[in-house]
Each structure stands twice: as structure tokens, then as C-alpha cells.
Amino acid sequence: MMDDVGSIFPTLLPVDSKFKIYEGFINVKEDTFHVRIELPAGYQPGVSTLDGTILDGDHRLSLLLADCVDVISQRLSLSNTLSAFLVEFKHIVEHCLATSNTASEQALALPPKFFSKIVEEIGVIGWERLTFVDPSFSSLQLSAQDDAQRTHPITVHLHSNYPISAPRCTVDLPVAFDLRWSSKGGCLQEVYDQFTQALKLYQDFWNLMDEIDSNVWVLEPEKPNRSALLRRIAISSTASVQIEVDPVKPRSLPIMQLLGAAQAVAPLKEHLNRNLDQWDLYQSILDNLTVLLGVEFPSKATTKEEELFVACGICYTYRLNNATPVEACAYERCKQPFHQLCLYEWLRTLSTSRVSYNVIFGTCPYCSQPISVKTAS
Ligand SMILES: [Zn+2]
Ligand SMILES: [Zn+2]
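Please read all numbers here as calculations on a predicted model, not as lab measurements.

(A) Structural view of the environment of Ala 239. Within the fold, Ala 239 resides in strand β11 (residues 239-244). A residue is classified by how many C-beta atoms lie within 10 Å of it, and Ala 239, with 24 of them, is buried. Measuring from C-alpha to C-alpha, the distance between Ala 239 and Leu 268 comes to 9.0 Å, with 29 residues separating the pair along the chain. Those residues in contact with Ala 239 that sit more than four places away from it in its chain are Leu 258, Gly 260, Ala 261, Ala 264, Val 265 and Leu 268.

In C-alpha cells, the structure reads:
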């Protein structure tokens, strides 16, 4: 007995004389898929179920039905004719097609008008300033040059109802960038203009920071970005000064902290405290620091990196989880630098060490002279 498969899928045909194997194409909605169905050996239409049927589809159909495998095998075990199963199978495929379409439509929910508007607005700014755009045009990156020819990127994230809702901007500025956006909407040119205006505010800050970065050895941050207010500058292999600069008033006295071996730091501190009033608002940060600390900073031109970047005497590395060796043995003939954590862990294991308040006292692993470190950083 042959099933009435033809009324459901006219192009799915039996390919063997026993009507056990069907192969061909099925049309669901606007789509066509290749299918091969092999019925179980003992199957008798209307008597036994289709449990054990092998159902193969083309790659696209397999992907589409990937989440419905259980439903399909359940339907097979409940159907006792192929046509009954195919009616249900068609519904399953229709359902899967409908849900996968909504998913892909959501990804491309932006109307064509949106694209043409963005393309036009980029044209106004200049395509040469566009450095990146994602395929859906929902985020794009523009670059601007400041007065000193430094390049600054701005990434603009556009909402689907742009320009009604303001775009979200990602920038590398020392102070938050607050985009002003009219309730009637705006355009990319306005974003770009506000960004280039903001760049003007920090020219002096960047000039001063660039002078530091290009002339002396900055220990931290390793690669300062344009928003970084901190710099730790090497004074010697055992001492450094960390400054935090006000980006709005970059020539004012920065927050300063001296780090390193007690012996090296003590005279610097004294010099600094005596000369704090020497800070001159008309001089650069670097020149002021030189005066206040009474030191000549080792310059990039004359000092080799390895003279300043001395590895920790315990773990033998310079950077350890972003920490650099800021502790050092105070004994003049040793001066061995250590990471705060390494030295703390080392002293903690020594039975001769003692703790007082939050300082642990012990001996230097190099020269056995007294050394101490704070227990909490
Ligand atoms: Zn270490
Ligand atoms: Zn030592």
C-alpha cells in the first residue's frame, strides 16, 4: 500500500519498489529543501509506527531543525502513516522558518533610510576620517587630529532610533565626554565638532605628558593612553616618583608620591618638602620636578633600560601582575629591589621575622641586613 505523500510534497517520491525510501524536494513557504526518508524495515502503513525512520535533510534543513530533533522523533514514534507524519513535519519546518526569520530580521532591524542617512553624514565629515564601521552601521569610529598632530579616535554607537536618541560615544580623554544632544535630534557632524572642541581643552595636558613620556623613563603605566593622569617616573634603579596630574590645570602642583628604597627616598623627600614653594606655573611638569626633587632624571637618550628596570630579587621579573619592584633593601651596598608582595611573602616564611602593627620586620634575602615591608599594600 502506498501513502498519499504526493498531496503534501509532490516532489518527494519513492525511489524503491517496496516504497520504503522516499527522496526529493519539499517546499515549505518560499523555501525548498532536499530530503531523504528511509522507513523502518518492518513498517506497515496504518499498523506500525514510523519509529526508527531515518530522516536526512540538506545542510540548511539540518541547521534549521537542530533544536527540533526530539520533537521530530517523538512525532515519528506517534505516526502510523508517512503522510500523517509529513503533515506535522511541514508544520515544524514552517515554525522553525518563522522563528529563524525573526532572529535574522532583528539583526538587521535598521531601515534603509538609516543607512543612507549615516552614509550621507559620514560624507559631510569626510570618509578619510572614518577608521572603522561595523557591517550593521550601528557603531563606527572616526579619528581627529589635534593642534599637535596627535590622532584621537572616537567610537560612536548608534541606536536604531538615531538621530532621535543620542549616540553613545567611547573616547580616550582625561575627563568624561558629555555629548550635548538636542531633543529634536542631531547629526554625526555635531558629534565630531564637539569632540574636536573637547580635544582643544587638553592640549597643554598632553603636551606636558608627552614631554615626560618621550624624555624620561616612565615605569607606569607601561603604555600610557591619552586619558592616563598618572605617571611613575624613574629617578634611579631604587627610587621613583609617581605624579597625578590635573588635566584641567596641568601646570598646577600634581599629587606626588615617592616610592622605592627608604634610603634612596629619604633625601628626595626632604628636598621636595623644602622646595615645594618653588613650583612654577609657567614651567613644565618635568622641569618643576627636577627643581623640587633636586635630581636630574635619567633620560631615555643616555640611560639604558636595564639600568633602571631592575628585576625583583625574589621572583626575578620586573612586572608581576602589573606591579613593579617598589621595595628595596636599605643597605647601601645591597639596594636590591623587590616587589612588595614577594618581599612580604618571603619575610612571612622566616621564623625570625616579627610583625608590628602592619609592618613585618626581617632580613634581606640578599645581604641579611634588616629589612621591613608593609603587610597590606
Ligand atoms: Zn618579585
Ligand atoms: Zn639587602
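(B) A look at the sheet that holds strand β17 (residues 370-374). Strand order across the open sheet formed by 3 strands is β15-β16-β17, with antiparallel pairing between neighbours. Because the sheet does not close on itself, it has two edges, and the strands there are β15 (354-356) and β17. Strand-to-strand twist in this sheet, taken as the mean axis angle between neighbours without regard to direction, amounts to 25°. Pairing analysis gives 5 bridges linking strand β16 (residues 359-363) to β17, with the strands arranged antiparallel. Paired with Phe 361 across the strands is Ser 372, a residue of β17.

(C) Examining the domain arrangement of the protein more closely. Taken domain by domain, the protein consists of domain 1 (5-107), domain 2 (112-201), domain 3 (204-306) and domain 4 (312-374). Look at where the C-alpha atoms of domain 1 and domain 3 centre, and you get two points 74 Å apart.

The rules behind the values
- Residues numbered from 1 in each chain as written.
- Chains lettered and ligands numbered in written order.
- Predicted model: local features only at pLDDT ≥ 70, side-chain atom pairs only at ≥ 80, totals over all residues.
- Helix = DSSP H or I, 4+ residues; strand = E, 2+ residues; numbered from the N terminus.
- Buried ≥ 20, exposed ≤ 12 C-beta atoms within 10 Å, placed from the backbone.
- Contact = placed C-beta atoms within 7 Å.
- Pairing = 2+ DSSP bridges.
- Axes fitted to C-alpha atoms, helices over the stretch in contact; angles between N-to-C directions.
- Domains from an automatic or database assignment.

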